[in-house]
Amino acid sequence: MSIYFDNSATTPMDPRVIEAMQPYFKEKFANPSSIHILGREIREDIERARETVAKSIKAESQEIIFTASGSESDNMAIKGVAYGLREKGKHIITSKIEHKAVLETCKYLEQEGFEVTYLPVEKNGIINIDELKKAIRDDTILISIMLANNEIGTIQPIEEITKIAREKEIIVHTDAVQAMGKMPIDVSKLGVHLLTFSGHKIYAPKGIGVLYAEERIKDFLIPIIHGGHHEFGLRAGTENVPYIIGIAKACEIIENELEKDIKHVKTLRDKFESRILNEIPDTILNGDREKRVCSISNISFKYIEGEALMVYANEVCCSTGSACTSDSVDASHVLYAINVDPVDAHGALRFSFGRFNTMEEVDKAVEIIKDSVNKLRQMSPLYNKR
Ligand SMILES: *Cc1c(COP(=O)(O)O)cnc(C)c1O
């Protein structure tokens, strides 16, 4: 029996989401662009879904664009602003600990003639506001900083960032994929112009994403998929109706149950974390203990390799670094950026908790990990030489 503590990689679908989607694989199949009665019904369902999604982040429905993934939303936000405002400036600011979907998009734009500043972060994984102020130039058009990090969970001071940016008329995008459903999100309070989240991290299917774009941003955003007039002319392609309905249901559940979810997940995470840190010697928590989302615990087990521990404790599903780097031997760029000793970074595992985990799983996982760490350390030349 596997214990799934990898909810930051993807979540299982909520049965309520699956149920809401069902009719759209069957009788509700019509093309929402069709003007016959069946098509018009689906159009109404999509627009209702858009309203539900908007409400969950305190936005207006015309500010919600459906995409096919968090990665696509990140691409659309960053490339869309870069190309849309290239006459105004060519400088972009991001951070060193962003998800690959942001980092690689910025790298691509560097090849296209844009200039990108990758802000460092402090030891706790949070950017330094003074460094941000220093990085801003007259030709800065965009700041893209994630709301919550996918490896260590730290939350960035987005409200402070947008206050500074708005004074200088700089657009702010935030990747909120790991924040959605883990903390309240209010786009006007955050002050962001653009915000990304993804279905499969919030108990909806893989292959659906959302980009929130403030109304006036939509005027100059450049689409990355051209064609029909879908999604306000910003993202062509017949709508993925079942998945749109699914992500809307997931947002509705978040809207109604966020507090309960946070409390449940945080209780499990904190219990797991304190037991691991107290009961297994030479373990270190990576990132900031306080300023982080409720779902993530990133722990270094000294003297052993994270991969080896995953093999030994294979009933416990978790990640080394982030899932996207699982087949690379490089230590995580996030742990590197927060100055974790490279040896300890190789002994780091990310455990991420979710709605469907239980305290029994936590207790069982702790025992399995304790046992595996002991066995591995007994064999470890590093441990015996210490
Ligand atoms: C998972 C993730 C993404 C990518 O979302 P997909 O829907 O898988 O493309 C982007 N940013 C962060 C922080 C993520 O955790």
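So, how was this worked out
Residues numbered from 1 in each chain as written. Predicted model: local features only at pLDDT ≥ 70, side-chain atom pairs only at ≥ 80, totals over all residues. Heavy atoms only, no water. Near = heavy atom within 4 Å. Polar contact = N/O pair within 3.5 Å; in protein donor to acceptor, adjacent residues only side chain to side chain. Nonpolar A, V, L, I, M, F, W, Y, C, P; charged D, E, K, R; others polar. Domains from an automatic or database assignment. Contact = heavy atoms within 4.5 Å. Buried area = accessible area lost by both parts, 1.4 Å probe. Salt bridge = Lys/Arg side-chain N within 4 Å of Asp/Glu carboxyl O. Helix = DSSP H or I, 4+ residues; strand = E, 2+ residues; numbered from the N terminus. Axes fitted to C-alpha atoms, helices over the stretch in contact; angles between N-to-C directions. Parallel < 35°, antiparallel > 145°, perpendicular 65-115°, else oblique. Left-handed = near helix turned anticlockwise from the far one by under 90°.

J.: Hey, could you go over the site of the ligand for me, with residue numbers and the actual values?
T.: For the ligand, the set of nearby residues contains 13 residues, the closest of which are Ser71, Asp175, Gln178, Ser198 and Lys201. In the environment of the ligand, an oxygen atom lies 2.6 Å from a nitrogen or oxygen atom belonging to the side chain of Gln178. Of the residues belonging to the shell around the ligand, the class tally is 2 nonpolar, 8 polar and 3 charged.

J.: Residues and numbers for the domain arrangement of the chain, please.
T.: Taken domain by domain, the chain consists of domain 1 (3-9 + 257-384) and domain 2 (15-253). Taking the mean C-alpha position of each, domain 1 and domain 2 sit 28 Å from one another. Contacts between domain 1 and domain 2 engage 31 residues on the former and 32 residues on the latter. The junction of domain 1 with domain 2 conceals about 2700 Å² of combined surface from both sides, 57% of it contributed by carbon and sulfur atoms. Residue Arg16 is joined to Glu257 by a salt bridge in which the shortest nitrogen-to-oxygen separation is 2.8 Å. Our enumeration of links across domain 1 and domain 2 arrives at 12 residue pairs in polar contact (both at pLDDT 80 or more). At the level of secondary structure, the elements contributing two or more residues to the side of domain 1 that touches domain 2 comprise helix H10 (241-279), strand E10 (296-301) and helix H12 (333-337). Per-element accounting of the side of domain 1 that touches domain 2 gives the leading share, 4 residues, to H12.

J.: An account of the packing of H10 against helix H14 (residues 359-379) is requested, with residue identities and associated values reported.
T.: Where H10 meets H14, the axes come as close as 10 Å, and the angle between the chain directions of the two elements is 20°. The orientation of H10 with respect to H14, classified from their angle, is roughly parallel. The way H10 lies across H14 gives a crossing that is right-handed. Counted together, Thr267, Leu268, Lys271, Phe272, Arg275, Ile276 and Glu279 of H10 and Met359, Val362, Asp363, Ala365, Val366, Glu367, Ile369 and Lys370 of H14 form the full contact between these two elements.

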